[in-house]
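Structural overview
Residue strings, one per chain:
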Amino acid sequence: MKTYRRFLTAAMLLSIAIPRAYAAPVTAEQACAELKAAAQDATLVCAAVEGTLTLPAGVWTKLKAAYFPEGVFRGYKVQPAATDGANGIISGAKIVVSGEAAPINRENTVAAVVNFDNAGAHSDGVLAPAIMTMGGLIKGAKLRKVQSGPPGSQGGPPGSGQEPQRGGPPGSGGPQTGTPPSTPPSRPAPVWRQRFAPPPPNWWNTDFNTYEWWQALPNDYDRTFTRRISDDRFYLYSGWARWSDVFTNGWVRETDTARINWKASDKNVRPQQRTLTSQVYRDLKECYYQDVYRYDWVDGGFYGSHWEENFDHYDARCIRLPREYGRPRVATVYAAFDLSTVDGILPWETGVEDGVTIYYDGSKITYDLAQRLFQYKVGLDDRQANSESWTITAGAKISQAPEADKVSAYLRSNGGKLELVINDERANFYDGESLQVTAVVKKDVTYTGKILFIKTTKHNYSTLFNGPIDVKVAKAKSPQQVVDLSAAASGGSNPPTTTGVRAYIESWGFKRVGSKLSSGAYINRGGGNSVSLPN
């Protein structure tokens, strides 16, 4: 009987704060939100119901008369759920809020269920009936007041008297109080945590290029600060904490190199000596992490309106420490030369250099030969713990590419004739050998035209010669060959508005075929000269 009277008193108090009828229907969610916001002196929770929470018919009649005298709220019909006995409270019923189940204690909780059906107001059927549960009347206690602040600003499970905290990585130490920042006057300030959890032991990525680098630790590295994203969201950043380990990419051994060059044309190449140093090193970094928590304002819910804390992520920054070096290792290489077989070096080959690159990685000596003019053999004469002695012996000669600037191809006007002239300045050396020249000669006729009564310059291109020229080189002959292009150049008729005619070499090149002196590489010389022709 006492419980019934206390509940009826609560219902009558609620009826003062909530309007009794509205003309225009709203969504079920809006109706629930308005009821909760209006109940400033009691806890109202919008939730889906698992099971059924009911009241005896007599209690419902009294509640409806005081709370919903017209039987509607915001256009929704208000009706009681079915009763199941004397007290109407089902043991084990749960209210499901945001995926968390809150058990209802049948011994000390009196709950009323208000079902909102759409009464045809939303014929599309998208909105399911909303359910509002009014609770918080504890046996032997008065109606629980909401904590100070605007409607719905804080709340919690019945009798908790405080807002629940959310989130935090494992072992974070739970929520802690802190100094709140300035926040909108319509809601309380978030309560910041003061202790922060380190990342798990396997969290860090030890790759050296993953994180941003500091030159040095900033002065305010241990300062905790917040950042407002909007009125409904804050981020809390912890100070930077040092990671216990110093990261390294492991020991790396340097490979030292040295180079020896020589010209085989100088048969008196002196012995050479090179000293190489190999050293191990490793890079180190000292790293720091920062906890970032997110605070979101949640309207309504099982706990009422409140700030909800969630762990968001970790940030990381690192400082590169000085590189560490191990003890150096030193090796020496002595190289002597045997060029006794060198012969037949041509004048344009005297500047060609051969060479050897020597490598030492702290454990062994290796080399790489650059054989341009001769092939070589490296003989090991002596090997000690940290030195080697070699003899480098010349072998077969390697043919070089022909000199690009010693063969020429050009156009000339000779007594009114257009001629393509081929010459070879190395004919004394290549006497009797074959020279193949590839050339493309074109004719360009320039004349005037009109486009939409605007005078323009146009070109008419035609090919005069396209193909290889095989030349038999003779040392007493200059030029080596002349090709007459007059017939091809005089063919066709030019437009009456011709302003100029010219012949030009679009491209040309050459190669020496079957030469005993040079390789058969093709030498591309690009474009050539041009000559003017009569209109």
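Residues numbered from 1 in each chain as written. Predicted model: local features only at pLDDT ≥ 70, side-chain atom pairs only at ≥ 80, totals over all residues. Heavy atoms only, no water.

Secondary structure summary: the protein contains four helices and 30 strands in total. Taking all 535 residues of the protein together, 40% fall into the buried category. Put simply, of all contacts in the protein between residues at least 6 apart along the chain, 71% involve residues at least 24 apart. (Helix = DSSP H or I, 4+ residues; strand = E, 2+ residues; numbered from the N terminus. Buried < 20%, exposed > 50% of the residue type's maximum accessible area, 1.4 Å probe, protein only. Contact = heavy atoms within 4.5 Å.)

Before going further, it helps to spend a moment on the pairing of strand E21 (residues 374-384). Look at any regular strand and the pattern is simple: side chains alternate between the two faces of the sheet. Two elements, E21 and strand E22 (residues 387-397), share nine bridges in a ladder whose sense is antiparallel. For Arg-383, the partnering residue across the bridge sits in E22 and is Glu-388. Hairpin connection, E21 to E22: the antiparallel pair is bridged by two residues. (Pairing = 2+ DSSP bridges.)

For the rest of this paragraph, the subject is the pairing of strand E28 (residues 498-513). Examined bridge by bridge, strand E25 (residues 434-451) and E28 share 14 bridges and lie antiparallel to one another. When the bridges of E28 are listed, Ala-439 appears paired with Trp-508. When E28 meets strand E30 (residues 530-533), the two strands line up antiparallel, connected through four bridges. Along E30, the bridge assignment pairs Tyr-504 with Ser-530. Direction of pairing for E28 relative to strand E29 (residues 523-526): antiparallel, over a ladder of three bridges. Across the sheet, the residue bridging to Gly-509 is Asn-524, located in E29.

It is worth spelling out the state of the cysteines at this point. One pass over the structure, following the stated rule, counts one disulfide. What pairs with Cys-287 in a disulfide is Cys-318, and their sulfur atoms sit 2.2 Å apart. The S-S bond linking Cys-287 to Cys-318 shows a torsion near 105°; that makes this disulfide right-handed. Taken together, the residues Cys-287 in strand E16 (residues 280-298) and Cys-318 in strand E17 (residues 306-325) connect sequence positions 31 residues apart. Residues Cys-287 and Cys-318 agree in their burial class; the two are buried. (Disulfide = S-S within 2.5 Å.)

Moving on, we get to the pattern of salt bridges. Counted by the stated rule, this structure contains 19 salt bridges. The residue Asp-296 makes a salt bridge to Arg-233 at a minimum N-O spacing of 2.5 Å. With Asp-296 in strand E16 and Arg-233 in strand E11 (residues 233-237), the pair connects residues that are 63 residues apart, well separated along the chain. Residue classification places Asp-296 among the buried residues on the basis of a relative accessible area of 14%. One salt bridge in this structure joins Glu-506 and Lys-442, with 3.3 Å as the shortest N-O distance. Here the residue Glu-506 occupies a position in strand E28, and Lys-442 occupies one in strand E25, the gap between them amounting to 64 residues. Through salt bridges with shared partners, one network takes in Arg-233, Arg-294, Asp-296 and Asp-312. (Salt bridge = Lys/Arg side-chain N within 4 Å of Asp/Glu carboxyl O.)

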